[in-house]
Structure formats: structure tokens, C-alpha cells
Amino acid sequence: MHAQKFSPTMHKVKLIAKRFSYFGVKDLQPHKCNLSLVRFITTELTRGYFLEHNEAKYTERRERVYTCLRIPKELEKLMTFGFFLCLDAFLYVFTLLPLRVILALLRLLTLPCCGLSGSRLLQPAQVCDVLKGFIMVLCYSMMSYVDYSMMYHLIRGQSVIKLYIIYNMLEVADRLFSSFGQDILDALYWTATEPKEKKRAHIGVIPHFLMAVLYVFLHAILIMVQATTLNVAFNSHNKSLLTIMMSNNFVEIKGSVFKKFEKNNLFQMSNSDIKERFTNYILLLIVCLRNMEQFSWNPDHLWVLFPDVIMVIASEVAVDVVKHAFITKFNDISADVYGEYRASLAFDLVSSRQKNAYTDYSDSVSRRMGFIPLPLALLLIRVVTSSVKIQGSLSFMCVLLFYLGMITLKVLNSIILLGTSCVFVKEANMEEKLFNPPPSVVSSRSEAKAAHSSSASDSSPPDNMAESSAPTFPKSDSDTFLTTPDEEDDGKIINANTGLEGDRTPKKDLLEIDRFTICGNRID
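Computed from a prediction, not measured in an experiment: that's the story for all the values here. (Residues numbered from 1 in each chain as written. Predicted model: local features only at pLDDT ≥ 70, side-chain atom pairs only at ≥ 80, totals over all residues. Heavy atoms only, no water.)

Draft legend 1. Spatial organisation of the UniProt feature "transmembrane region" (unreviewed entry) in the protein. Those residues carrying the UniProt feature "transmembrane region" (unreviewed entry) are residues 78-95, 134-155, 209-234 and 400-425 in this numbering. The distance separating the terminal C-alpha atoms of residues 78-95 is 25 Å; by composition the span is 94% helix and 0% strand. Summarising residues 400-425: 100% helix, 0% strand, and an end-to-end C-alpha distance of 37 Å. (UniProt positions renumbered as here; feature names shortened; annotations may be inferred. Helix = DSSP H or I, 4+ residues; strand = E, 2+ residues; numbered from the N terminus.)

Draft legend 2. The arrangement of empty space enclosed by the protein in detail. Summed over all chains, the structure comprises four cavities of 30 Å³ or more. Taken as a whole, the largest cavity encloses approximately 80 Å³ of empty space. Taken together, 13 residues form the lining of the largest cavity, with Lys132, Ser362, Asp363, Pro373 and Leu374 sitting closest to its centre. Looking at the lining of the largest cavity residue by residue, the classes come out as eight nonpolar, three polar and two charged. When its volume is computed, the second largest cavity comes out at roughly 70 Å³. Lining the second largest cavity are Asp174, Ser178, His219, Ile223, Lys275, Thr279, Gly370, Phe371, Ile372 and Leu376. When contributions to the lining of the second largest cavity are tallied by element, the ones reaching two or more residues are helix 7 (160-193), helix 8 (205-235) and helix 10 (263-294). Residue composition of the lining of the second largest cavity, by class: four nonpolar, four polar and two charged. (1 Å grid on protein atoms, 1.4 Å probe; cavity = no way out; pocket = protein on both sides within 12 Å on 5 of 7 lines; lining within 4 Å. Points joined across faces, edges and corners; volume = space filled by probe spheres on them. Nonpolar A, V, L, I, M, F, W, Y, C, P; charged D, E, K, R; others polar.)

Draft legend 3. Inspection of the packing of helix 3 (residues 55-94) against helix 15 (residues 392-427) at higher detail. Across the interface, helix 3 lies against helix 15 with an axial gap of 9 Å and an inter-helix angle of 140°. Of the possible angle classes, the one that applies to helix 3 and helix 15 is oblique. Helix-helix and strand crossings are classified by hand; for helix 3 and helix 15 the assignment is left-handed. Two secondary-structure elements touch here, helix 3 through Phe81, Phe84, Leu85, Leu87, Asp88, Leu91, Tyr92 and Phe94 and helix 15 through Tyr403, Met406, Leu409, Lys410, Asn413, Ser414, Leu417, Thr420, Ser421 and Phe424. Counted by class, the contact of helix 3 with helix 15 contains 12 nonpolar, four polar and two charged residues. (Axes fitted to C-alpha atoms, helices over the stretch in contact; angles between N-to-C directions. Parallel < 35°, antiparallel > 145°, perpendicular 65-115°, else oblique. Left-handed = near helix turned anticlockwise from the far one by under 90°. Contact = heavy atoms within 4.5 Å.)

Draft legend 4. Spotlight on the packing of helix 3 against helix 12 (residues 337-351). Taken N-terminus to C-terminus, the directions of helix 3 and helix 12 make an angle of 10°; their axes are 9 Å apart at the nearest point. Looking at the two axes, helix 3 sits roughly parallel to helix 12. Considering how the two elements wind past one another, helix 3 and helix 12 form a crossing that is left-handed. Within the contact between the two elements, helix 3 uses Ile71, Glu74, Leu75, Lys77, Leu78, Phe81 and Leu85 and helix 12 uses Tyr338, Tyr341, Arg342, Leu345, Ala346 and Leu349. Class assignment for the residues of the contact of helix 3 with helix 12 results in 10 nonpolar, no polar and three charged.

Draft legend 5. Geometry of the environment of Ile155. Mapped onto the elements of the fold, Ile155 is located in helix 6 (residues 148-156). As for Ile155 and Val225, which are separated by 70 residues in sequence, their C-alpha atoms are 8.5 Å apart. Contact partners of Ile155, with chain neighbours within four places excluded, come to Leu163, Val225, Thr228, Thr229 and Val232.

Draft legend 6. Local environment of the packing of aromatic side chains. If you walk through the whole model with that rule in mind, you get 12 aromatic pairs. Judged by centre distance (5.4 Å) and plane angle (80°), the ring pair of Phe83 and Phe84 falls under edge-to-face. The rings of Phe83, Phe84, Phe90, Phe94, Phe278, Tyr281 and Phe371 are connected pair by pair, giving a single aromatic cluster. Here the guanidinium or amino end of Lys57 rests over the ring plane of Tyr58, the centre of that ring lying 5.9 Å away. The ring of Phe424 carries Arg342 above its face, with NZ or CZ at 4.8 Å from the centroid. (Phe/Tyr/Trp six-rings, centres within 6.5 Å; stacked < 30°, edge-to-face > 60°. Lys NZ or Arg CZ within 6 Å of the ring centre and 35° of its normal.)

Draft legend 7. Representation of the layout of surface pockets in the model. Computed from the structure, the second largest pocket encloses a volume of approximately 1,100 Å³. Along the walls of the second largest pocket sit 29 residues, with Phe94, Ile381, Val384, Phe402 and Met406 positioned nearest its centre. Residue assignment for the lining of the second largest pocket shows that the elements contributing at least two residues are helix 3, helix 4 (96-114), helix 5 (124-143), helix 10, helix 14 (373-387) and helix 15. If you tally residues by element for the lining of the second largest pocket, the top one is helix 15, at six residues.

Draft legend 8. Structural detail: the pattern of salt bridges. What the rule picks out here adds up to 13 salt bridges. Put simply, Glu293 and Arg290 hold a salt bridge, and the shortest N to O gap is 3.1 Å. Taken together, the positions of Glu293 and Arg290, both in helix 10 and three residues apart, correspond to about one turn of that helix. Here Glu293 falls in the partly exposed class, since its relative accessible area comes to 24%. Notably, a salt bridge pairs Asp320 with Lys323, separated by 3.9 Å at the nearest N-O pair. Residue Asp320 and its partner Lys323 are located together in helix 11 (residues 299-330), separated by three residues, close to a single helical turn. A network of salt bridges, in which partner residues are shared, links Glu76, Asp273, Arg277, Asp320 and Lys323. (Salt bridge = Lys/Arg side-chain N within 4 Å of Asp/Glu carboxyl O. Buried < 20%, exposed > 50% of the residue type's maximum accessible area, 1.4 Å probe, protein only.)

Draft legend 9. Structural view of helix 10. With 32 residues, helix 10 ought to run about 46 Å at 1.5 Å a step, and its terminal C-alpha atoms sit 47 Å apart, in line with that. Along helix 10, 27 of the 32 residues are buried, which leaves the element largely enclosed by surrounding structure. Residue Ser296 follows helix 10 closely and has a positive phi angle near 55°. (Expected span 1.5 Å × (residues − 1).)

Draft legend 10. Representation of the nonpolar core within the structure. Of all hydrophobic cores here, the largest spans 108 residues; its most connected members are Phe90, Ile135 and Phe234. Element by element, the count of residues in this core is highest for helix 8, at 17 residues. (Core = buried A, V, L, I, M, F, W, Y, C linked by side-chain atoms within 4.5 Å.)

Draft legend 11. Representation of the side chain of Ser270 in the model. Within the secondary structure layout, Ser270 lies in helix 10. Look at Ser270 and you get buried, because its relative accessible area is 0%.

Draft legend 12. A look at the confidence of the model for the protein. Model confidence for the protein is summarised by a mean pLDDT of 77, while 73% of its residues fall at 70 or above. Confidence drops under pLDDT 50 across residues 1-6; counting only partners more than four residues distant or on other chains, this segment forms one contact. With pLDDT under 50 throughout, residues 456-506 is counted as low confidence; its partners more than four residues away or in other chains account for 45 contacts. (pLDDT = per-residue confidence, 0-100.)

Draft legend 13. View of unusual backbone geometry. Despite not being glycine, Asp332 shows a phi value in the positive range, around 55°. Here Asp332 is to be found in the loop between helix 11 and helix 12. Asp332 gets classed as exposed once you look at its relative accessible area, which sits at 57%. Phi angles above zero are rare outside glycine, and Asn429 is one such case at about 55°. Note that Asn429 resides in the loop between helix 15 and helix 16 (439-458).

Shown next, in the form of C-alpha cells:
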């Protein structure tokens, strides 16, 4: 009985002897346990290990550290290039667009004298320019009835928490307006320039034009409320509202870092960050103009605003760097991907200068980044005209010189951007894509080939039909925009119906990913 009760204990001691064999105790027996505290401490102090036994793991960790250190440099290169792209599209509204509208109107006026040289009164690009000009004129006349001072005092009377909630709601509304606004403008441009021989499938140019005017006006009002809220934060005595608004940027890290991102998703986020940073710069400019007007353009007050402006810009840059650094770390994305993003943006600029271009460059920037320059330019014109009083011939001469300076800046910026973009496109080996047809044409051709092949299969004998009797589901265009895996996972995809490897829609190229493309962003 005693031996039977002791046997489980003996078994446990043997297991302990095996597990603690690294102590150096070779004669660990059930009845002779030579363990001591001194030997345990000696072993803990003298035992060693070799990192080269897992060299691949530690090399990968070191590369991740180097990638995080490279992110600020590569990200700021992309942000700087994107900033000047937005600046080029923004200056276009003030400089070249009025001249193009004047040339188009002169063409209309001289048509009775010169006669019609073709089937069109105006070229499609000229029609779009005239529509943009009319939208700006009508919206500016509507904006003249909005009292900025009354809006400022109305917002200033609200509590800090209420203003914080309002500012967050305005940011969400701005993104929604941008996503739907470009669709409204594109629908207007296509409705006005669509060939007449096609069957009418729209409600008319005038309803689309009224929708576009209403959108630009409401979006400009929304941005004005944003600028006014930021102005109230700058002028508050304790700066508590400004601090809360800046801390809101760091909340963005929590909502983005711990999600699964692929290259397409990160490209969209980078474009959104470029647009957000440029918009914030314009809002800060509007705030400075309004404050300088209130202090009679005293240059000493500019130095009072300067620390707050630097603080807002620095917080924005810091949040972007931290966010992108950890997103690339958690999703194992190389820092070289920002060079691909930069080449894709450069490709848009170069392709808009080709003879077979199918869109204006400013519209391409709007689709790619969600940056629509018309409402922002309208608000800036409204603030400048209300802040700066033009009286006398000398003032008109200064305005003319300022306008010529803006044209010079626009032309110089365009030349530098075009040269830099050509270098980026050449380095990325994307020159051949410049002569390819637009993506919509390619997709329509592929759909036509698919329809032709399906009709051919329908006319085949019944035995072939039995083989292809598997159910097929209709796919919309949005199905092609779903999550695309990384390159190394492309060959591992197995079709659920046929069991064939690689039988799926091809991966979306970066050139076909714009601000409104649906990409997977699921939380793992």
C-alpha cells in the first residue's frame, strides 16, 4: 500500500528532474535531489544564448526599425509633391481658368463672323471651362449675402465642448461633400459634352447645372464654418479649444493604426492626408487674413498668431508620420511604396498633357485625392474681397501686378512639376502606359469580348453546355474594386466554384485607384 501511494510522487519527481536538467544536476534522483539556491543563481548568471540561431527573425526586426526610420523622409517627399500638385490645381482656378473662359466666350461671339469650322460650337474642354466660370460667378454672388461677422459671433457664443463636436461633424461632412461633389461636377461635364447622336439618358443640362451650383455653394459655406471655428479657437484666451482640436488629430491614430491595410488602402489614405494638409493650410491663411483685418493689418499681430500656426502644422505632420510609420510596420509594407505612389500621381500629371487626354488635370487631382478646388477658391475670394478694400488707380495696379505674379507662379510651378513628373514616370518604367487607352475603354473592350465569348458558348452543342452549367452570378463594376491581396498572395487564390487557381479578377493597378474606389479595410 505504501509503495502504491508513493509511485505517483516518484513519477512527478522524475518529470521535475527532466525539466530542470539544464541546472547541471546530472544525478537528480527521486531520493537524491541535489538542488541548491547557489547553483540556481550561478546558472542564471552564467547561462548564455546565441542570436545567430534565429538570424532571419532578428534581421527582419532590424529591417522594420530601418523602415520606420525611413518613413518620415519618404512620406514627406510624397506630401511635398502632392502639396504642389494641389497648389497647381488651386492656382488654376485663379489664373488660367478666367483666361480660358474669356477665350471660349470670344469664340462664341466671333462665330457669326468666322462661321462654323466643325460640328461643335465649342470644344468639350471649353464647355467645361465655361460651366466652371458660371458656377463661380453665381456662387460668389450668393456668398456675398452671407455675413461672416455674424457667423463668427454666433459660433463664439457656443461652449467649448459644443464647438469641438461641431468641428468634428464639419470634418465628416466635408469628406462626404467631397466624395459626392466630384460626381455631381463630372455628371454636369459629361451631360453638357455628351455626343448628340447618343440616346438621351439624363435629366438635362440645366438641372445638373443647378445641382452643381447648389453643391459648390453649400460646400463653401461648410468650409467657411470650419474656418470660423478655427478662428474662434485662435482667439480664445485660454486656447483650450485649440488644444482639444489638435488632440483630435491624435485620435485619428487610434482609428487607423490597428486596422489591416494594403497598398491600395494606404494609397487612398496618403491622398486623403495630402488633401487634408493642403486644406488646413488654406484655412490657416483665411484665419490670418481675418485676424489681420481686425487689427488694421498690423504686422506685430502676425507674430502673435505665428506660434499657434506652427503648433497646428507641427501636430498635423507628427500625426501623419506616426500613423504611417506604424501602419507600414504592422502590415509589413516597405517604405519604397511611397515612391510608387509618387510615380502614380506624376503619371496623372503627364497623361493630362497628352493628346489623348480624357480629363483636365484639376479634375484628375479631384478624383485622385478628393480635393475639389472650386469651393475652397470661392471662399478665399470671398474673404479676400471683404478684407481688402480696393480704392483708386494705384490699388487696381497692385491687383493687376498681384494677378500677374500669380500667373507667373502658376506657370513656374507647372513647368517644375511637369519636369519632375517626367523623371518619376521614367524611373518607374511607366512610359508605355502613357499611350494606352483609358481604363474605361479597356474595361469596355474586355466586357465586349466576354459577351462575345458567352454568345459563342451559347451557340455551341448541348454537350458543351452541360459542362458549363455551373451557376454564374452577375458582377457589378464595384466588385472589381474589392480588396486586392499582395503580390505574393495572388497565386494562392482558389476560385470557390471551379476550384481553379488564379481564376479571379486581376489585381487593380494603382493608376485605377482614386479617392472614391472601394478598397478592403477590414479589422483583423
